[in-house]
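Residues per chain, in single letters:
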Amino acid sequence: MSDITARKVAEEGTAVDIGSLRSRSEQQGVSDRRPITVPADRYTSAAFAALEAERMWPRVWQLATTLDAVARPGDVTEFTVGRLSAIVLRDQQGVLRAFQNVCLHRGIELCHGSVRGLTELRCQYHRWCWNLDGDLKEIPSRRDFGVVDNEAYALRALAVDTWGPLVFVNFDPEAMPLAEYLGGAPADAAHQGLDDFRCRVQVTVPVPANWKTTADGFSETLHVQGLHPELLHIYDDLDSDQVVWTHAARSRQPYGRPSPRLRPTPSDQEIWNAFAAVFSSRVGLDPADPGPVPTVDEQHPLLSVMATQLRAARAAAGLDLDRFSDEALMTLDQYNIFPNITVLVFPDLLSVLRARPGDSPDECFLDAFQFDRVAPGDDTERTPPLCVELPLGEASFGLVLDQDFALLRHAQRGLHQPGLTRITLAQEEVRVLNTHRNLERYLGIDPSEIEGDHLLG
Ligand code: FES
Ligand SMILES: [Fe+2]
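Parameters at a glance
Counting from 1, residues in each chain are numbered in the order their sequence is written. Following the order in which they are written, the chains are lettered starting with A and the ligands numbered starting with 1. Under the rules for a predicted model, residues below a pLDDT of 70 receive no local features and side-chain atom pairs below 80 are neither given nor counted, while totals for whole chains, interfaces and linings still include all residues. As a rule here, side-chain values cover all heavy atoms of the structure and leave hydrogens and water aside. For helices, the axis comes from a line fit to the C-alpha atoms of the stretch in contact; other axes are also lines fit to C-alpha atoms, and the angle between any two N-to-C directions lies between 0 and 180 degrees. For helices the rule is a DSSP run of H or I covering at least 4 residues; for strands it is a run of E covering at least 2, with both sets numbered from the N terminus onward. We call two directions roughly parallel when the angle between them is under 35 degrees, roughly antiparallel when it is over 145, roughly perpendicular when it lies between 65 and 115, and oblique otherwise. Crossing chirality is assigned from the near helix's rotation relative to the far helix, an anticlockwise turn below a right angle marking it left-handed and a clockwise turn marking it right-handed. Whether two residues touch is decided by their heavy atoms; if any such pair falls within 4.5 Å, the residues are in contact. Classification convention: Asp, Glu, Lys, Arg as charged; Ala, Val, Leu, Ile, Met, Phe, Trp, Tyr, Cys, Pro as nonpolar; all other residues, Gly among them, as polar. Throughout the structure description, domain borders are defined by an automatic or database domain assignment. What gets called buried area is simply the loss in accessible area from a 1.4 Å probe that two parts show on being joined, summed for both. Definition used for salt bridges: Asp or Glu carboxyl oxygen within 4 Å of a side-chain nitrogen of Lys or Arg. Counted as a polar contact is a pair of N or O atoms within 3.5 Å, where, for protein atoms, one must be capable of donating a hydrogen and the other of accepting one, and residues adjacent in sequence contribute only when both atoms are in side chains. Buried, partly exposed and exposed residues are distinguished by accessible area as a fraction of the type maximum, computed with a 1.4 Å probe on protein chains only: under 20%, between the cut-offs, and over 50%, respectively. Distances decide who is a donor: an N, O or S atom must be within 2.8 Å of the metal, or within 3.2 Å for Na, K and Ca. Water is not included, so sites may look incomplete. If DSSP finds at least two bridges between two strands, the strands pair. A residue's pLDDT is the predictor's confidence in that residue, given on a scale from 0 to 100. Note on terminology: a nonpolar core comprises buried Ala, Val, Leu, Ile, Met, Phe, Trp, Tyr and Cys residues joined through side-chain atoms within 4.5 Å.

1. What to know about the packing of helix α2 (residues 46–56) against helix α11 (residues 430–443)
Then, in step 1: Contact geometry for α2 and α11: axes closest at 9 Å, N-to-C directions at 70°. Considering their axes alone, α2 and α11 lie roughly perpendicular with respect to each other. Handedness of the crossing formed by α2 with α11: left-handed. Contact with α2, carried on its side by Phe48, Leu51, Glu52, Arg55 and Met56, involves Leu439, Tyr442 and Leu443 of α11 and no other residues of that element.
Then, in step 2: Looking at side-chain class alone, the contact of α2 with α11 contains 6 nonpolar, no polar and 2 charged residues.

Here it is in structure tokens:
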């Protein structure tokens, strides 16, 4: 019998709460379940990548850009994923729109990068021109083409919608609404006030690993004990609460207390030191020498002492976090949106990671979007983030993410070894399993095996 309790979430489909149960099963010892396995060549095969390009990427909702990049009428930005290319823009009436990035004359891409202040989209090749709402505006030497029906030559519109500051597009005209696709995630994240985040920086790094190898690294916390041992002093990795909706999933991660894996339990001073090292500039402490831990007693448990420090350090930088509880300030919510998005939220911090396929199954582009919170109701106009492309290793994303990124090259090479035919997943890796179940559905292939599907409800 399953040791997993599935709970029905009204109107949101089935959600699975595995957090507390995983802890319990670990305490109780090994059950008689077989491991869940998935073919390893999904991460290395050109044929599998071609199937993804044909059947999956044109049909899923994808993070294209942020509201900051297209805040003003005339702001235009390009989004590419594999061979697909989109234009996202704000038209002169202020409407957010997206189009396939193609000139309908001879098929060249219309836009590159990001541009501000446009009043029209004019092709650089033979100067065909469209209004920002997609209507055909002008064809030079028009009579030479015969009778051209303007309506037939409107730009090919894409579905476009937003979640907080994130702008999503879908190439499929039959796509379900974004709100349905995101399942319970927006309601689950409502307390974080995502609308109050502004994107400041968008960094793109080419990575020598499949997009799934990369996304998987942000879809489980089982690797914390191996890759991020520093976190074990400050993060209870055995008690993350996970929920899986169909295309989305969330892991709620309690910081401010050590992992039960650590024996003996670290002292308050050791936890304080780890708090300073891991949270670094956010908490206004010297990461190498944070000084003695403040007084901890019944009225001021260690978690509250840390939350107070964080609140004070952020207030000194002009950010009021008083409306967030101590618990909320020390909790990281990680949302995984199929296929390739990871949204990481603390009340004072939002980071979004996106893994786009590269030219081969062994390559991808990792995009990191960094956001700052502003005060609720702050109506300062959004401005485009700084966009940079850097080689892997030249940008630092902080201790933990740098550890994640450095691993990817080795994770991908290992997947090619002939003795490895299947990867094996634990219950904790249910979000990785969910990616595969979604892939199987979009690609129209049989599930790798049905064992383990109780995890998904
Ligand atoms: S390809 Fe765009 S005008 Fe000719
Ligand atoms: Fe990690």
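2. Regarding the domain arrangement of the chain
Then, in step 1: For the chain, the assigned domains read domain 1 (1–61 + 182–255 + 330–457), domain 2 (64–175) and domain 3 (267–319).
Then, in step 2: Roughly 1100 Å² of surface becomes buried between domain 1 and domain 3 when both sides are summed, with 77% attributable to carbon and sulfur atoms.
Then, in step 3: When residues of domain 1 are sorted by the area they lose upon contact with domain 3, Ile234, Met330 and Asp348 head the list and together hold 52% of the total.
Then, in step 4: Our count for the contact surface shared by domain 1 and domain 3 stands at 2 salt bridges.
Then, in step 5: With a shortest N-O distance of 2.8 Å, Asp348 and Arg314 are connected by a salt bridge.
Then, in step 6: If you look at where domain 1 meets domain 3, you find 2 residue pairs in polar contact (both at pLDDT 80 or more).
Then, in step 7: Looking at the side of domain 1 that touches domain 3, its residues break down into 6 nonpolar, 1 polar and 3 charged.

3. Considerations on the side chain of Asp236
Then, in step 1: Along the polypeptide, Asp236 turns up in the loop between α6 (224–227) and β15 (241–244).
Then, in step 2: Judged by its relative accessible area of 3%, Asp236 is buried.
Then, in step 3: Of the polar contacts made by the side chain of Asp236, one reaches the backbone nitrogen of Leu238; its length is 3.1 Å.

4. Here we look at the coordination of the iron ion (ligand 2)
Then, in step 1: The protein atoms that coordinate the iron ion (ligand 2) are His223 (NE2), His228 (NE2), Asp404 (OD) and Asp404 (OD), at distances of 2.0 to 2.6 Å.
Then, in step 2: Read in sequence order, the donor residues coordinating the iron ion (ligand 2) give the pattern H-x4-H-x175-D. Of the two residues, His228 is situated in the loop between α6 and β15 and Asp404 in helix α10 (residues 399–415); the sequence distance between them amounts to 176 residues. The same class applies to His228 and to Asp404, which are both buried.

5. With respect to unusual backbone geometry
Then, in step 1: That bond from Arg263 to Pro264 is cis: its omega, -5°, falls within 30 degrees of zero.
Then, in step 2: With respect to the secondary-structure elements, Pro264 resides in the loop between β16 (248–254) and α7 (268–279).
Then, in step 3: Going from Phe338 to Pro339, the amide bond is cis rather than trans, its omega being 5°.
Then, in step 4: Looking at the secondary structure, you find Pro339 in the loop between β17 (331–337) and β18 (341–346).
Then, in step 5: The residue Ser141 is not glycine, and still its phi comes out positive at about 55°.
Then, in step 6: Residue placement: Ser141 occurs in the loop between β11 (136–138) and β12 (159–163).
Then, in step 7: When its relative accessible area of 56% is taken as the criterion, Ser141 is described as exposed.
Then, in step 8: Located in the positive-phi region is Ser280, a residue other than glycine, with phi close to 35°.
Then, in step 9: Turning to its location among the elements, Ser280 is positioned in the loop between α7 and α8 (302–316).

6. Details of the pairing of strand β20 (residues 364–373)
Then, in step 1: β20 sits mainly inside the fold: 7 of its 10 residues count as buried.
Then, in step 2: In terms of strand pairing, strand β19 (residues 349–357) meets β20 through 8 bridges, oriented antiparallel. Bridge pairing in β20 places Ser351 opposite Gln370.
Then, in step 3: Where β19 folds back onto β20 in an antiparallel hairpin, the turn is made up of 6 residues.

7. Points about the packing of α7 against α8
The packing of two helices is summarised by the inter-axis angle and the distance between the axes.
Then, in step 1: Remark: α7 packs on α8, axes separated minimally by 11 Å, with the N-to-C direction vectors making an angle of 30°. With respect to their mutual orientation, α7 and α8 come out roughly parallel. The two elements α7 and α8 cross, and the hand of that crossing is right-handed. In contact with Asp268, Ile271, Trp272 and Phe275 of α7, α8 contributes Leu302, Val305, Met306 and Gln309.

8. Re the confidence of the model for the chain
Then, in step 1: Counting all residues, the mean pLDDT for the chain is 91, and 91% of those residues have values of 70 or more.
Then, in step 2: Per-residue pLDDT stays below 50 along residues 1–28; that stretch engages in 58 contacts with residues further than four places along the chain or on separate chains.

9. Describing the environment of Asn170
Then, in step 1: Positionally, Asn170 belongs in strand β13 (residues 166–170).
Then, in step 2: Put simply, Asn170 and Glu109 are 61 residues apart on the chain and 18 Å apart in space, counted from C-alpha to C-alpha.
Then, in step 3: Aside from chain neighbours lying at most four places away, what touches Asn170 is Pro58, Arg59, Val60, Trp61, Leu158, Ala159 and Ala175.

10. Some points on the sheet that holds strand β9 (residues 120–122)
Then, in step 1: Read from one edge of the open sheet, 3 strands run β9-β10-β11, paired in antiparallel fashion. Looking at the sheet topology across the chains shown, the edges are occupied by β9 and β11. Strand-to-strand, the axes of this sheet are offset by a mean angle of 35°, without reference to chain direction.
Then, in step 2: The pairing of strand β10 (residues 129–131) with β11 spans 2 bridges and is antiparallel. What sits directly across from Trp130, in β11, is Leu136.

11. Considering the nonpolar core
Nonpolar side chains in soluble globular proteins tend to be buried together.
Then, in step 1: Met56, Trp163, Ile234, Tyr255, Phe275, Val343 and Val352 are the most contacted members of the largest nonpolar core, which totals 92 residues.
Then, in step 2: Aside from chain neighbours lying at most four places away, what touches Val343 is Trp163, Leu166, Asp333, Gln334, Tyr335, Leu350, Ser351 and Val352.
Then, in step 3: Membership of the second largest hydrophobic core comes to 17 residues, among which are Leu104, Leu121, Trp130 and Leu132.

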